[in-house]
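Chain by chain, the residues:
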Amino acid sequence: MNAYFIGAYIHYQRMAKNWTLEGLCKGLCAVSYLSRIEQGKAEAAPELQRQLLARLDCPWHDEPDTLLQGSALLDAGYEAVFAGDEKAQIALGEKLQESWELFANSPLLLDCNVLRPWLLQDALPDNGFLKTFAPVMDARQKCLWLLLQHKEEEALAFLDCPLCYLSAGNAACFRGNYPVAIHYLQQGYHKAAEEGFVHLMLSCKTILGNCYLNLHEFTLCQLHYKVAERLAAILKDEATALTLRYNLAATALETGQDQEAYDVLRTLPKDSVTTLHKLAVACEKLGRKEEALEALAQAEHILGSNAVDRLFQQMCQLVRYRLECPGYLQENDYGERLTRLFRDLQETLPSGYAEFHLTWMLEWLRARRQYKQVSELLLEFPKYSRLSDA
């Protein structure tokens, strides 16, 4: 095993237990020798390694059968991650969880810790642990570690793969940098097609559609969504198919096709706050007050208490405000709530959320004859000007 690798592991475990060099090596070796081992400048004999790890109460498994079994599982894990196959990742994560104590205390420990956040999707990476081993990471290990830190472009420098392009495109889309997102996603799609990674092809096409949706390039949006629908059907991915239908309904709502939006939204499962919110807005615009209030009540019932859910709650409360107070444009409280939510959405969520609320921001500012602020907002959201009656 790489001298740096085992030395780094001993150093990490010693520091985690707050032991001194002297305390660990007493009776086993010289302090200077242990220091050289931890720095990877000397390779300890197998017997000394076992003694040091035993003193640190770290069981160590390097039996050939263990390493063979673990390597097969972890290689399958890498394949599932780089293919974007979430179902396979979950299944492999269950197997890794069952054997965690065995494989995570073996020469496979670095692979285990790099893959854990991907395969056990509720697990957070131990960046302190992984940073210790950064100097000996191979390309795929370093790539996944950088992606976990949201350093997508750095990850691409280590591994030119479709997952990195997808991750970089998704991050740029989240930031509202759609031209950059489109560039990465198109490359990711073509690379995924070359390598036969259908799940990544679907993800790239879906997010490409989202980019063009947010750019109000609806024809291009529909073209990408159509391909994504075909891929979702091949993969029997009903969740993505529903997401695509929701996105198209949201687009119809933004472009004034309220009845078309309503017709789709009312057929979608009522288990999503975003779907129920959009349904309430469609009902509001069509004069279906009672149906809108029912949708809001359902949304509020399933809301949690985290920061994002609090924003969704405020979104629902604004729709309720308009429904229950026809003179809302004369109420300062409404304007204050709307303005605060609008800015919070800009800072917290993808830009599409704030842009969806732009109609009501402009309505409020015009009712107050604040035309300078209207102009500033339209400059801030230039894509919206084509849909605005300003």
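Residues numbered from 1 in each chain as written. Predicted model: local features only at pLDDT ≥ 70, side-chain atom pairs only at ≥ 80, totals over all residues. Heavy atoms only, no water.

## Let's talk about the overall build of the chain
Worth spelling out the cut-off: Counting from the N terminus, the helices are DSSP H or I runs at least four residues long and the strands are E runs at least two residues long. For this measure, only C-alpha atoms enter the radius of gyration; the expected value for a globule follows 2.2 Å times N^0.38, where N is the number of residues. The classification of residues rests on relative accessible area computed with a 1.4 Å probe and restricted to protein chains. Under 20% of the type maximum is buried, over 50% is exposed, and intermediate values are partly exposed. Contacts are assigned to residue pairs with any non-hydrogen atoms lying within 4.5 Å of each other. A 1.4 Å probe and the Shrake-Rupley method give the accessible areas. Residues count as covered only by the protein chains that appear here.
Along the chain, the regular secondary structure elements total 24 helices and zero strands. Its C-alpha atoms give the chain a radius of gyration of 27 Å, clearly above 21 Å, the size a compact globule of 390 residues would have. Within the chain, buried positions represent 47% of all 390 residues. Considering only contacts within the chain whose residues lie at least 6 apart along the sequence, 58% involve residues at least 24 apart. Surface accessibility of the chain: about 19,200 Å² in total, with carbon and sulfur atoms responsible for 51%.

## Focus: unusual backbone geometry
The backbone of His150 shows a phi angle near 60°, a positive value even though the residue is not glycine. Counting through the fold element by element, His150 comes out in the loop between α10 (139–148) and α11 (152–158). A relative accessible area of 62% means that His150 is categorised as exposed. With a phi close to 60°, Arg369 is a non-glycine residue in the positive phi region. Summarising the element assignment, Arg369 is placed in the loop between α23 (358–367) and α24 (371–380).

## Topic: the packing of helix α16 (residues 238–254) against helix α17 (residues 258–265)
Between two packed helices, what matters for the description is the angle formed by their axes and the separation of those axes. Stated precisely, the cut-off is as follows: In this analysis an axis means a line fitted to C-alpha atoms, helices contributing only their contacting stretch, and an angle means the value between N-to-C directions, from 0 to 180 degrees. We call two directions roughly parallel when the angle between them is under 35 degrees, roughly antiparallel when it is over 145, roughly perpendicular when it lies between 65 and 115, and oblique otherwise. Throughout, a crossing is termed right-handed when the near helix is turned clockwise from the far one, and left-handed when it is turned anticlockwise from it by less than a right angle. Put simply, Ala, Val, Leu, Ile, Met, Phe, Trp, Tyr, Cys and Pro go in the nonpolar bin, Asp, Glu, Lys and Arg in the charged bin, and everything else, Gly too, in the polar bin.
One way to put it is that α16 packs onto α17 with a least axis distance of 7 Å and a crossing angle of 155°. One way to sum up the angle between α16 and α17 is to call them roughly antiparallel. In terms of crossing hand, the pair formed by α16 and α17 is left-handed. Where α16 approaches α17, its residues Arg245, Tyr246, Ala249, Ala252 and Leu253 are matched on the opposing element by Asp258, Glu260, Ala261, Val264 and Leu265. Taken together, the residues that form the contact of α16 with α17 break down as seven nonpolar, no polar and three charged.

## Quick notes on α24
Filter applied, for reference: Here the arc refers to the set of directions running from the helix axis out to each C-beta atom.
Listed as buried for α24 are Val374, Leu377 and Leu378. Angularly, the buried residues of α24 cover 100° about the axis, an arc narrow enough to put them on a single face. Away from its buried face, by an angle of more than 90 degrees, α24 presents the exposed residues Lys372 and Leu379.

## Side note on the pattern of salt bridges
This is how the line gets drawn: Definition used for salt bridges: Asp or Glu carboxyl oxygen within 4 Å of a side-chain nitrogen of Lys or Arg.
For the coordinates displayed, the defined rule picks out twelve salt bridges. Measuring nitrogen to oxygen at the nearest pair gives 2.7 Å for the salt bridge that ties Arg14 to Glu38. Taken together, the residues span a long stretch of sequence, with Arg14 in helix α1 (residues 3–16) and Glu38 in helix α3 (residues 31–38) at a distance of 24 residues. Overall, Arg14 belongs to the buried group, its relative accessible area being 7%. Overlapping salt bridges, with partners in common, bring together Glu300, Arg320 and Glu324 in one network.

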